[in-house]
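Summary of the model geometry
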Amino acid sequence: MKKLIFAFALLGMALVSCKKDYSCTCTETGTNYYDSDFDGVDEAHPYSNTSNYKIEGATKTDAIAACNEAKITSQDGLDTYEYKCDLSK
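Bear in mind the structure is a predicted one, so any value in this text is a computation, not a measurement.

As a further point, take unusual backbone geometry. Glycine aside, negative phi is the norm for most residues, and most peptide bonds take the trans geometry. Positive phi outside glycine occurs at F38, with the angle close to 55°. Counting through the fold element by element, F38 comes out in the loop between β1 (20-34) and β2 (43-58).

Now the structure itself:
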């Protein structure tokens, strides 16, 4: 009986740590400054782009690492950029 319980416990642990498919959604937002109406003054032009990536056959820890759930911000002159990824199931 103890062997049977131990076998079910091992099976349950194996199922919990199975590899699964995950999704990673990344959003890039920012503001570019350029003279769009040619009057000699740079205007702000905000933008936003979203990308979805599929992470196949990974543990949750590996999926988080692959998605790299970090917020990256940078600036180049007046232009600003922000890149953020979030793991979703």
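Still to come is the rest of the account.
Core analysis: the largest hydrophobic core is formed by 9 residues, namely Y22, C24, C26, I55, A58, A63, C67, C85 and L87. Mapped by element, the contributors of at least two residues to this core are β1, β2, α2 (60-67) and β4 (79-88). When residues of this core are assigned to their parent elements, the largest contribution, 3 residues, is made by β1. Setting aside its immediate chain neighbours within four residues, C67 contacts C24, I55, C85, D86 and L87.

On to the sheet that holds β1. Strand order across the open sheet formed by 4 strands is β2-β1-β4-β3, with antiparallel pairing between neighbours. Taken across any chain shown, the strands that pair with only one partner, and hence form the sheet edges, are β2 and β3 (71-76). The mean angle between the axes of side-by-side strands here comes to 15°, regardless of whether they run parallel or antiparallel. Across 14 bridges, β1 lies against β2 in antiparallel orientation. Residue T25 lies in a different strand from β2, and its bridge partner there is N52.

Glancing now at the environment of D35. For D35, the position within the fold is in the loop between β1 and β2. Each C-alpha atom, one on D35 and one on H45, is 9.7 Å from the other, the two residues being 10 residues apart in sequence. Ignoring anything within four residues of it in the chain, the contact list for D35 reads G40, V41, D42 and E43. Here the side chain of D35 touches F38 through a polar contact of 2.9 Å, landing on its backbone nitrogen.

Parameters at a glance
Residues numbered from 1 in each chain as written. Predicted model: local features only at pLDDT ≥ 70, side-chain atom pairs only at ≥ 80, totals over all residues. Heavy atoms only, no water. Helix = DSSP H or I, 4+ residues; strand = E, 2+ residues; numbered from the N terminus. Core = buried A, V, L, I, M, F, W, Y, C linked by side-chain atoms within 4.5 Å. Buried < 20%, exposed > 50% of the residue type's maximum accessible area, 1.4 Å probe, protein only. Contact = heavy atoms within 4.5 Å. Pairing = 2+ DSSP bridges. Axes fitted to C-alpha atoms, helices over the stretch in contact; angles between N-to-C directions. Polar contact = N/O pair within 3.5 Å; in protein donor to acceptor, adjacent residues only side chain to side chain.

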